[in-house]
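# Summary of structural features
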Amino acid sequence: MTSSQVSKSDHEEITGPLKPRRHPWRFVVGLLVVALLADLLWSIIANPRFQWPVVAQYFTSQAILLGVWSTIWLTAVTMVLGTLLGTLIAVARLSQNPVLQAVSWGYVWFFRSVPLLVLILFTFNIAYLVPEVSLGLPFLPPLFSAPTNSLVTPVGAAIVALTLHEAAYASETVRGGILGVDQGQFEAASALGIGRRRQMVRIIIPQAMRSIVPTFGNQLIGLLKGTSMVSIIAVSDLLYSAQSVYNRTFQIVPLLIVATLWYLVMTTLLTWLQANIERYFAKGAVRNRAPSLLSRLRNGEPARPGPTVGES
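As the structure is a prediction and not an experimental result, all values here were calculated from the model.

## Quick notes on the confidence of the model for the protein chain
Of all residues in the protein chain, 84% have pLDDT values of 70 or greater, and the mean over the chain is 82. Contacts for the low-pLDDT stretch residues 305-312, under 50 throughout, to residues beyond four places or in other chains number 14 contacts.

The following block contains the structure:
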């Protein structure tokens, strides 16, 4: 028995068992917050101007579901292409070639400076600058040529603009994650005779993913919401579908609520997916990983912050 245990038992014999300190103001503040939230929620539900029957009518309508699907696949395609391009740019910035470093830095600087909406409009009107696209060898007749308008459709312009914009941010995320890995990992792998490619795939990238995943999750959610900007060039995403409906019915607020609810559903699913991916890559770095929210709810445990690295 340690000295701390002896002193604790002696203290309990004199004063009785130790009791946790009470915090009555926590209960008061929590009760006040719950009351305010309940009042806000009831004011929203009871307000007839929200037209909840109309919201329920169009929430699963065919036009809205098609818009939801367009938003999902546009986000997925853009995220994949942007991540691949961003990874190549990050590798170029980390290379020893000064030309690649300069070009990749210029790419990130330019596309992070141009607003996404401006980039979408510029890509959509690219035919004004380049009326015809041609492929071939220099100083020889082109092997292929076609009008730009026939190649760059509204959907194609949206994918190109979103990909170029996303790649600039993805490259910085990947580069920051790789630079965040301790230099000793590179030195130890080189001392063991492990090749550069295998070092990145088996050692560096898995460790870098712990810092890359949270940022990528935020970027993916931001990209999902950013796809709403393509409605300005008549791409039938979720927002454009809602606009098409309320342009016919003049029920603007209910259709905007429908779009908002669907964005909430999709971002919630992405947040849940991000949390599970983070827990997967936390293996080996955290001894006792925090249980998921669903596990805490099933077991009746209160929410608590996750353990820190090295916590036992």
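## So, the pattern of salt bridges
With the rule as written, the count across this model stands at two salt bridges. Linking glutamate 172 and arginine 93 is a salt bridge whose minimum nitrogen-to-oxygen distance equals 2.8 Å. Taken as a pair, glutamate 172 in helix H8 (residues 154-179) and arginine 93 in helix H4 (residues 62-94) lie far apart in primary sequence, 79 residues in all. For glutamate 172, a relative accessible area of 19% puts it in the buried group.

## Let's talk about helix H6 (residues 116-124)
Given 3.6 residues per helical turn, the α-helix brings residues three or four places apart onto the same face. Those residues of H6 not exposed but buried are Leu116, Leu119, Ile120 and Thr123. Mapping the buried residues of H6 onto a view down its axis gives an arc of 100°, with all of them on the same face. Looking at the buried residues of H6, the elements they touch are helix H5 (98-113), H8 and helix H10 (196-226).

## A few points about the environment of serine 70
Inspection of the secondary structure assignment puts serine 70 in helix H4. When the C-alpha positions of serine 70 and aspartate 237 are compared, they lie 5.2 Å apart, and in sequence the two are 167 residues distant. With residues near it in sequence (within four places) discarded, serine 70 still touches Ser236 and Asp237.

## Some thoughts on the side chain of threonine 71
For threonine 71, the location among the structural elements is in helix H4. Classification of threonine 71 by relative accessible area gives buried; the value is 0%. Those residues within four positions of threonine 71 in sequence are excluded, and the remaining contacts are Leu224, Thr227, Asp237, Leu238, Tyr263 and Met266.

## Observations regarding the packing of H4 against helix H12 (residues 252-281)
Taken N-terminus to C-terminus, the directions of H4 and H12 make an angle of 40°; their axes are 11 Å apart at the nearest point. Relative to H12, the element H4 is oriented oblique. Of the two elements, H4 crosses H12, and the hand of that crossing is right-handed. Taken together, the residues of H12 that come into contact with H4 (itself represented by Ile64, Leu65, Val68, Thr71 and Ile72) are Leu255, Val258, Trp262, Tyr263 and Met266. Class assignment of the residues belonging to the contact of H4 with H12 gives a composition of nine nonpolar, one polar and no charged.

## With respect to unusual backbone geometry
In the Ramachandran plot, alanine 234 falls in the positive-phi region, its phi being about 65° despite a non-glycine side chain. Within the chain, phenylalanine 250 stands out as a residue other than glycine whose phi angle is a positive 60°. Within the secondary structure, phenylalanine 250 sits in the loop between helix H11 (238-249) and H12.

## A closer look at the packing of aromatic side chains
Here the structure, examined in full by the defined rule, presents six aromatic pairs. Considering the side-chain rings of phenylalanine 59 and tryptophan 262, the 4.7 Å spacing of their centres and the 5° angle between planes classify their relative orientation as stacked. One end of the pair, phenylalanine 59, is in helix H3 (residues 52-59); the other, tryptophan 262, is in helix H12, and 203 residues separate them in sequence. Its relative accessible area of 24% is what places phenylalanine 59 among the partly exposed residues. Aromatic pair tyrosine 107 and phenylalanine 111: ring centres 4.5 Å apart, planes at 45°, arrangement tilted. Linking tyrosine 107 with phenylalanine 111, this pair stays in helix H5, spanning four residues, or about one helical turn. The pair formed by tyrosine 107 and phenylalanine 111 is uniform in burial state, with each residue classed as buried. Through pairs of rings, three or more aromatic residues link up here, namely Trp105, Tyr107, Trp109, Phe110 and Phe111.

Definitions and limits used
Residue positions are given per chain, counting from 1 as you read along its sequence in written order. Selection of residues for local features in this predicted model requires a pLDDT of at least 70, selection of side-chain atom pairs for listing and counting requires 80 or more, and totals for whole chains, interfaces and linings are taken over all residues. Where side-chain values are given, they derive from all heavy atoms of the structure, hydrogens and water being excluded. Scored between 0 and 100, pLDDT is the confidence that the predictor attaches to each residue. Throughout, a contact is declared for two residues whenever any of their heavy atoms are within 4.5 Å. For this analysis, a salt bridge means a side-chain nitrogen from Lys or Arg found within 4 Å of a carboxyl oxygen belonging to Asp or Glu. Segments assigned H or I by DSSP are reported as helices when at least four residues long, segments assigned E as strands when at least two residues long, and all are numbered from the N terminus. Burial classes follow relative accessibility: with a 1.4 Å probe on protein chains only, a residue under 20% of its type's maximum area counts as buried, one over 50% as exposed, and anything between as partly exposed. Note: the arc covers the axis-to-C-beta directions of the helix. Axis definition: a line fitted to C-alpha atoms, limited for helices to the stretch in contact. Angles are taken between N-to-C directions and run from 0 to 180 degrees. Roughly parallel means an angle under 35 degrees; roughly antiparallel, over 145; roughly perpendicular, 65 to 115; everything else is oblique. Should the near helix be turned counterclockwise from the far one by less than a right angle, the crossing is left-handed, whereas a clockwise turn marks it as right-handed. Amino acids outside the nonpolar list (Ala, Val, Leu, Ile, Met, Phe, Trp, Tyr, Cys, Pro) and the charged list (Asp, Glu, Lys, Arg) are all regarded as polar, and Gly is one of them. Only rings of Phe, Tyr and Trp enter the pairing, Trp through its six-membered ring, and a pair is recorded when the two centres are within 6.5 Å. The plane angle decides the type: under 30 degrees is stacked, over 60 is edge-to-face, the rest tilted.

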